[in-house]
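# Descriptive analysis of the structure
Each chain, written out:
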Amino acid sequence: MDHSITASLEDELQCSICLDVLTDPVSTPCGHNFCSACIEQCWTSSKDHHCPLCKEKYTTKPELKVNTTFRAVVHHFQRRQSCSRPAVPCDVCSGRKRPAVKSCLDCATAYCESHLENHATAPRLKKHKLMDPVENLQDYICQNHERPLELFCRDDQTCVCRFCTETDHKTHSTVPVEQESGEKKTQLGKTQADVQQMIQVRMKKIEEINHSVDLNKKNTEKEKADSVEVFRALVRCIERSQAELLEVMEEKQKAAERQAEELIKELEQEITELKRRDTELEQISHTEDHLHLLQVYPSLCRPPPTKTWTDVRINTHLRVETLRKALSQLQEALSEEMEKLPEIKMKRIQQYAGNSLRNCITSSPSTTLSSTASARRSYGSSVALNSLSKGLGELQRQYAVDVTLDPNTAYAKLILSADRKQVWHGLTPQNVPNIPERFDTTACVLGKEGFSSGRFYYEVQVRDKSSWVLGLARESVNRKGMISVSPDDGFWTIHLRNTTKYLALDSPPVLLSLNQVLQKVGVFVDYEEGLVSFYDVETSSHIYSFTGQSFTEKIYPFFFPCNKGESSRPMTICTFRRRI
């Protein structure tokens, strides 16, 4: 292929963002082509959606799909480029130079087939070191002794000539470059096998995610049918609740599908990178250019930067909890509706609705969590509070964990005790490194211990404080700049404001009605059920619960002491003593 044509084609197949040959090419509505990952990253970091080349703006984000035909053209071009190698001219020919067939390291000359004959017949020349013709022959000659680089020093990891082994590398371990290259090829083969295995693992993860989405759809359809049966048994308020429940279910299904699409896109990007590494390894493993192999070996053997996907999954256990929350809201709606009816009708409907709800709730897998979901909206219910208070001792005995503070996450003005059990707000910033894990604007700190499964419980003393925030945060929460504390942003917390005002920072926030000032708060988490509950330890009473949450990564205890300087009192993590 003519060089000018090749250069022109390469320009056409180049992404204007990364300035490299297109990977998974997509086309914008204005007709320009970009790498799929490049344009997505560009739009993620920008406030609007526009073409990076012609600056045309789009009112909505265009839905871009990979052009498979264009991608095949790019792939074919890359293969032609990798296979085509320019011919090296003979250094001896005069006039029109014929292509060389061998390069002599001793003569530092490239020979065509006819001029190479002397090396096959002359006894002195037979001992010369011949290799495939290369343009940069000087790279294969020792610069100090002008001799072929035919040995490899394992101590210094560099190629040397025989004279080098008598001087600077005299006591070093050296082997022929062919031997070292052979061993490196073996290692590259193992690395290539590892990369191929990583590709298979990620492709299998894509299948698992798609299966999870299908399972979510089946569960959604089944629970839609179940909800219809429940609402048919109730009065007109049930019809309103049915519509609300279906809307919530659809939103959660869409959220699961969006999460699956993002995970699949990330997996496909990693597969693309791994395939690119696989191609590089395939090409270098068959090269006869031993020196080049040794030079690029360290970079090719380093594993590509990839994400660990073992614990990543789509949560398929959200719908039962959603139904329970709807039933709790439905019970309140029924109570309001029954107050409008005459006393005799009210008693009949109350008995009918109560039996229907009781049958539905008891048929669910966990009656304990059903009670908790009801208590979330109606903490004034003495029945619910008594039930929860009886269970607090069991939580303390069975699920108590030792929690400490993580100094690497602490805001610069926060002061931590030596045992990392207390935190309070100081006046001046401490000399701490600004690392990615640290909150840099908001006075927060996370617990050292993270949890990705099971149940756990811990207690925090908040006595004599006029303001604080306490709860859980997921590992990936934003830690730079001002943060928003809500479940949508990865926080499940309660908040004391102005000494007496208690809030559950839900979406939207919920004002809590408590009978007394909190002295010690207990926090209980059931990871698989998506439950975060708060308790008043002094009165053994329930405060608030976040239910039906989706935990897909590690979650950590979260502390925000609020007050500054002399007025600051510490938040203290209790060293829990198990009760008998």
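In case you missed it, the structure is sitting above this.
Note that the structure is predicted; figures quoted are calculated from it, not measured.

About the cut-offs
- Residues numbered from 1 in each chain as written.
- Predicted model: local features only at pLDDT ≥ 70, side-chain atom pairs only at ≥ 80, totals over all residues.
- Heavy atoms only, no water.
- Helix = DSSP H or I, 4+ residues; strand = E, 2+ residues; numbered from the N terminus.
- Contact = heavy atoms within 4.5 Å.
- Areas by Shrake-Rupley, 256 points an atom, 1.4 Å probe, with all protein chains shown as cover.
- Expected span 1.5 Å × (residues − 1).
- Buried < 20%, exposed > 50% of the residue type's maximum accessible area, 1.4 Å probe, protein only.
- Pairing = 2+ DSSP bridges.
- Core = buried A, V, L, I, M, F, W, Y, C linked by side-chain atoms within 4.5 Å.
- Salt bridge = Lys/Arg side-chain N within 4 Å of Asp/Glu carboxyl O.
- Polar contact = N/O pair within 3.5 Å; in protein donor to acceptor, adjacent residues only side chain to side chain.
- Axes fitted to C-alpha atoms, helices over the stretch in contact; angles between N-to-C directions.

## Things to note about the overall build of the chain
Per the secondary structure count, the chain includes twelve helices and 23 strands. Sequence separation of at least 24 residues holds for 62% of the intrachain contacts in the chain that already meet a minimum separation of 6. Accessible surface, the chain: about 32,400 Å² in total, of which carbon and sulfur atoms supply 49%.

## Structural notes on helix H8 (residues 290-301)
Compared with the 16 Å implied by 1.5 Å per residue over twelve residues, the 16 Å span of H8 between its first and last C-alpha is a close match. Buried residues of H8: His-290, Leu-291, Leu-293, Leu-294, Tyr-297 and Leu-300, and no others.

## Some details on the sheet that holds strand E17 (residues 501-504)
With respect to topology, six strands assemble into an open sheet ordered E13-E22-E15-E16-E17-E18, the strand pairing being antiparallel. Here the strands that pair on one side only, and so sit at the sheet edges, are strand E13 (445-446) and strand E18 (510-512).

## Quick notes on the environment of Leu-505
Along the chain, Leu-505 falls in the loop between E17 and E18. Leu-505 sits 21 residues away from Ser-484 along the chain, and the two C-alpha atoms are 9.9 Å apart. Those residues in contact with Leu-505, other than ones at most four positions away along the chain, are Val-469, Val-485, Ser-486, Pro-487, Thr-493, His-495 and Phe-546.

## Here we look at the nonpolar core
Within the largest apolar cluster, 53 residues are counted, with the highest numbers of intra-cluster contacts made by Trp-468, Leu-472, Val-521, Phe-558 and Phe-559. Leu-105, Leu-151, Val-175 and Tyr-297 belong to the second largest nonpolar core, which has 38 residues in total.

## Thoughts on unusual backbone geometry
The bulk of non-glycine residues show a negative phi, and the bulk of peptide bonds are trans. The omega torsion of the bond from Ser-507 to Pro-508 falls at 5°, within 30 degrees of zero and hence cis. Inspection of the secondary structure puts Pro-508 in the loop between E17 and E18. For Lys-55, which is not glycine, the phi torsion reads 65° and is therefore positive. Within the fold, Lys-55 resides in the loop between strand E3 (49-50) and strand E4 (57-58).

## Things to note about the pattern of salt bridges
Within this structure, the stated rule accounts for 23 salt bridges. Where Glu-40 meets Lys-265, a salt bridge forms, and the shortest distance between an N and an O atom there is 3.9 Å. Placement of the pair is Glu-40 in helix H2 (residues 36-44) and Lys-265 in helix H7 (residues 236-285), with a sequence separation of 225 residues. By relative accessible area, Lys-265 is classed as partly exposed at 39%.

## Observations regarding the side chain of Lys-205
Looking at the secondary structure, you find Lys-205 in helix H6 (residues 177-232). Relative accessible area serves as the criterion here: at 10%, Lys-205 is assigned to the buried category. The residues contacting Lys-205, other than those within four sequence positions of it, are Leu-267, Trp-309, Thr-310 and Val-312.

## So, the side chain of Ser-545
In this fold, Ser-545 is placed in strand E21 (residues 541-546). Taking relative accessible area as the criterion, Ser-545 reaches 0% and is therefore assigned buried. At a separation of 2.7 Å, a polar atom in the side chain of Ser-545 contacts the side chain of His-542.

## A few points about the pairing of strand E22 (residues 555-560)
Counted residue by residue, E22 has six buried out of six residues, so it is predominantly covered. In this structure, E13 lies alongside E22, joined through two bridges in antiparallel fashion. Directly across from Val-445, in E22, lies its bridge partner Phe-559. Sheet topology places strand E15 (residues 468-474) next to E22; six bridges connect them, and they run antiparallel. From the neighbouring strand, Arg-474 faces E22, where its bridge partner is Ile-555.

## With respect to the sheet that holds E21
One open sheet holds the seven strands; their spatial order is E11-E12-E23-E14-E19-E20-E21, and the pairing between them is antiparallel. Where the open sheet ends on each side, the last strands, each with one partner, are strand E11 (414-416) and E21. Neighbouring strand axes in the sheet, compared pairwise and without regard to direction, differ in orientation by 25° on average. Pairing analysis gives seven bridges linking strand E14 (residues 455-461) to strand E19 (residues 520-526), with the strands arranged antiparallel. Paired with Glu-459 across the bridge in E19 is Gly-522.

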